[in-house]
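Now for the letters of each chain:
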Amino acid sequence: MTKILAAPPADSQLRPIPGHAGPPLVGHALEYIRDPLTMMQKRWDTYGELSWFTMIGRRWVAVLGPDACQEVLQNKDRAFVNSDGWSALIGPFFHGGLMLLDSDEHLRHRRIMQQAFTRSRLEKTVDALHPAIDAALDSWTPADGFRAYTELKSLTLDLATDIFMGGAEHSTEREIEAVKTAFVDCVQAATSVIRYPVPGTRWKRGLDGRRLLEEFFRRYLPARRAHETDDLFSVLCHIESEAGQRFSDDEVVDHMIFLLMAAHDTSTITLSTMMQYLGQYPEWREKCRAESLALGTSTPGYADLDGLVSLDLVMKECLRIVAPVPVMARRAVCDTEVQGHFVPAGTYAAVAPHFTHHMSQYWPDPERFDPERFAEHRREDKVHRYAWEPFGGGVHKCLGMHFAGAEIKAIMHHLLLRFDWHVDPGYVAPLNFTSLPFPSDGQPVDLRLRD
């Protein structure tokens, strides 16, 4: 039954936000986990750009379409904050991360963090990636039904440990596996229905995972403070803003936990999607391979990766089809408006780029894999400034987007030189949206070594 979220002020021309709560307790959580696109399409067809619903015990407003998304993400009147929005989902597990900070605190942290993602540092990082990628791929055993997502997740977390931490020299294999499990538990706790530390629940596993990660990073912190190296952990311990500001020990730990999650989880999703579609569209796989071979090296530098034009188009199309972060959370800290609708203070907003990426109004035949959408002669992504927004927008736009692109292209370059693979043309990945999307079957591909 449709109800309004809140009545606008009597002297206002603003419209109320319509919607409905959904089933008791769980609200629309299960509907979202099963198929967020279908859920959002229903809301768009019924209510338009804004509608309210309940999930995990709170009322949320679905923000759909590029106009509404742009208004909230640009946040010109500073009515929306990240901290309260994301904290409702992942606050206990990733607090202190850049995505969960606002205003002057966010600006201070971002100014310091920018020094970790300069071009010169990215160039060093790419150079360090190649031997680590090679070493990880040496352990792959090609076979029919090779679980690409599962292996890629292990690979990207290993890379994050090596490149971001400079290795974990005093840790056993069991401890590293526990760290990997802790990251998964923290991410999956976000949509836990039971949000209390009840044994056996995702929420409790997430809290335990956060505690383990803090202990893990604090163990290595003194050595990183004492001696500066090129790994991100050490860099965070030593960088400072132009004003001379630096991170405290607690801030370094908070950022490391968040960055390792963000760096490996989102990259894994995109790499997995790319392997699927390149396995289903061999003509694109061969285009990408030809460009990789043309570089004449297995260890291209940061600038060389720009020459992988077809791979870049494929990556952008896969980021469109499966947005690694399907929904971005915000909360209104004062009464405001979005697209002529009254948004009362305290409202949680679910900004949905994943839905925008599949709107036929902006993307012809949106479910079709078509990397040339992003080619210069078409540039469908330019039809609206926020038609393609996998990295968010406004002051919180992802600071690591250039690192992510370089890492993904470097890994795919190695895969194309080493392997050939095939995926059944009729295969549809059974995506699980319990947290960040992932294929619940591990993403099977038929993998072979190249001659």
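Everything numeric in this text was worked out from a predicted model, so none of it was measured. (Residues numbered from 1 in each chain as written. Predicted model: local features only at pLDDT ≥ 70, side-chain atom pairs only at ≥ 80, totals over all residues. Heavy atoms only, no water.)

Got a minute to help me understand the packing of helix α4 (residues 82-94) against helix α9 (residues 202-226) in this structure?
Between two packed helices, the angle of one axis relative to the other and the distance separating the axes together describe the packing. Between α4 and α9, the shortest axis-to-axis distance is 8 Å and the interhelical angle comes to 40°. From α4, L89, P92, F93 and F94 reach across to α9, where they touch W203, G206, L207 and R210. The class makeup of the residues in the contact of α4 with α9 is six nonpolar, one polar and one charged. (Axes fitted to C-alpha atoms, helices over the stretch in contact; angles between N-to-C directions. Helix = DSSP H or I, 4+ residues; strand = E, 2+ residues; numbered from the N terminus. Contact = heavy atoms within 4.5 Å. Nonpolar A, V, L, I, M, F, W, Y, C, P; charged D, E, K, R; others polar.)

Help me understand the UniProt feature "binding site: heme" (unreviewed entry) in the protein chain in this model?
In the UniProt entry, the feature "binding site: heme" (unreviewed entry) is given for C398. With respect to the helices, strands and loops of the structure, C398 is situated in the loop between α14 (353-356) and α15 (401-418). Among the residues examined, C398 registers a relative accessible area of 33% and is labelled partly exposed. (UniProt positions renumbered as here; feature names shortened; annotations may be inferred. Buried < 20%, exposed > 50% of the residue type's maximum accessible area, 1.4 Å probe, protein only.)

Explanation requested: the layout of surface pockets in the structure shown.
In this approach, a probe sized like a water molecule rolls over the atoms, and the result shows the empty space that is left. Counted as a void, the largest pocket has a volume near 720 Å³. Around the largest pocket sit 30 residues that line it, and K316, W388, F391, M401 and H402 are the ones nearest its centre. Contributions of two or more residues to the lining of the largest pocket are made by α13 (309-321) and α15. Split by residue class, the lining of the largest pocket holds 13 nonpolar, six polar and 11 charged. Space inside the second largest pocket adds up to approximately 510 Å³. As for the second largest pocket, its lining consists of 27 residues, of which Y277, I321, V428, A429 and L431 are closest to the centre. For the lining of the second largest pocket, the secondary structure elements donating two or more residues are α2 (36-47) and α11 (249-280). (1 Å grid on protein atoms, 1.4 Å probe; cavity = no way out; pocket = protein on both sides within 12 Å on 5 of 7 lines; lining within 4 Å. Points joined across faces, edges and corners; volume = space filled by probe spheres on them.)

How do you make sense of helix α12 (residues 282-295) when you look at a structure like this?
Every α-helix winds through 3.6 residues per turn, so residues three or four apart in the chain are directed the same way. Relative to the 20 Å expected for 14 residues at 1.5 Å per residue, α12 spans 20 Å between its end C-alpha atoms, a close match to the ideal helical length. Inspection of α12 places W284, R285, C288, R289 and S292 among the buried residues, and these make up the whole buried set. Seen from one end, α12 has its buried residues packed into an arc of 135°, which puts them on one side. Summarising the contacts, the buried residues of α12 are in contact with α11, α13, α15 and β11 (419-422). (Expected span 1.5 Å × (residues − 1). Arc of directions from axis to C-beta.)

I tried to follow the sheet that holds β11 on my own but got confused; where do I start?
By way of backbone hydrogen bonds, the strands of a sheet pair with one another, either parallel or antiparallel. Across the sheet, which stays open at both edges, the three strands sit in the order β6-β14-β11 with antiparallel pairing between neighbours. At either end of the open sheet lies a strand with only one pairing partner, and these are β6 (146-147) and β11. Judged from the two bridges that link them, β6 and strand β14 (residues 444-449) form a sheet pairing that is antiparallel. Looking at β14, one finds that F146 is bridged to V445. Relative to β11, α11 is tilted by about 75°, and along the sheet it contacts β11 and β14. (Pairing = 2+ DSSP bridges.)

Please explain the packing of aromatic side chains as it appears in this structure.
Aromatic rings in a pair are described by how distant their centres are and how their planes are angled relative to each other. Scanning all chains against the criterion turns up 16 aromatic pairs. Ring geometry for W140 versus F146: centroids 4.9 Å apart, planes at 45°, classification tilted. Look at W140 and F419: their rings are 5.8 Å apart centre to centre, the planes differ by 25°, and that puts the pair in the stacked class. Taken together, the residues span a long stretch of sequence, with W140 in the loop between α6 (119-137) and β6 and F419 in strand β11 at a distance of 279 residues. The exposure class assigned to F419 is buried, which follows from its relative accessible area of 1%. (Phe/Tyr/Trp six-rings, centres within 6.5 Å; stacked < 30°, edge-to-face > 60°.)

What am I meant to see in the pairing of strand β4 (residues 58-63) here?
Here is the key point about a regular strand: its side chains alternate between the two faces of the sheet. By the bridge criterion, six bridges tie strand β3 (residues 50-55) to β4 in an arrangement that is antiparallel. For F53, the partnering residue across the bridge sits in β4 and is W60. Here β4 pairs with strand β10 (residues 348-351) via four bridges, running parallel. Residue W60 lies in a different strand from β10, and its bridge partner there is Y348.

Just to check I follow, could you spell out the nonpolar core for this structure?
Nonpolar side chains in soluble globular proteins generally cluster together in the buried interior. Among the nonpolar cores identified, the biggest contains 143 residues, and W60, L236, M412, L415 and W421 are the most heavily contacted of them. Tallying contributions element by element places α11 first for this core, with 15 residues. (Core = buried A, V, L, I, M, F, W, Y, C linked by side-chain atoms within 4.5 Å.)

So what exactly am I meant to see when it comes to a positive patch on the surface here?
On the surface, K76, K382, R385 and K397 cluster together into a positively charged patch. Locating K382 in the fold gives a position in the loop between α14 and α15. For K382, a relative accessible area of 60% corresponds to the exposed category. (Patch = residues over 30% accessible without salt bridge, like charges linked within 9 Å, V, L, I, M, F, W, Y side chains within 5 Å. Areas by Shrake-Rupley, 256 points an atom, 1.4 Å probe, with all protein chains shown as cover. Salt bridge = Lys/Arg side-chain N within 4 Å of Asp/Glu carboxyl O. Lys, Arg positive; Asp, Glu negative; His and termini not counted. Charge placed at Lys NZ, Arg CZ, Asp CG, Glu CD.)

What is the right way to look at the side chain of E389 in this model?
Structurally, the position occupied by E389 is in the loop between α14 and α15. Lacking a salt bridge, the buried E389 has R330 as its closest oppositely charged neighbour, with an N-O distance of 8.5 Å. Beyond its immediate sequence surroundings of up to four residues, E389 is in contact with C69, L73, M328, P353, T356 and H357.

Any chance you could explain the pairing of β10 here in plain terms?
Side chains Y348 and A350 of β10 all project onto a buried face; the interleaved residues A349 and V351 project onto the opposite face, where all are buried too. Summarising the sheet, strand β7 (residues 328-332) and β10 pair through four bridges and their orientation is antiparallel. When the bridges of β10 are listed, R331 appears paired with Y348.

I'm lost on a nonpolar patch on the surface in this one. Help?
Taken together, the side chains of L25, V193, I194, Y196 and V198 define a hydrophobic patch exposed on the protein surface, amounting to about 520 Å² of accessible area. Along the chain, V198 falls in the loop between α8 (173-188) and α9.

When you look at the pattern of salt bridges in this model, what are you seeing that I'm missing?
Two side chains that carry opposite charge are able to pair once their charged atoms sit near each other. A full pass over the atoms with the stated rule returns 32 salt bridges. Residue R418 is joined to D134 by a salt bridge in which the shortest nitrogen-to-oxygen separation is 3.2 Å. Of this pair, R418 sits in helix α15 while D134 sits in helix α6, and the two are 284 residues apart along the sequence. A relative accessible area of 22% places R418 in the partly exposed class. For E380, the salt bridge is made with R378, and the minimal N-O distance between the two is 2.6 Å. Residue E380 is classed as buried on the basis of its relative accessible area of 13%. Residue R378 is classed as partly exposed on the basis of its relative accessible area of 30%. When salt bridges with common partners are traced through the structure, they connect E317, R320, D365, R368, D370, R373, R378 and E380 into a single cluster.

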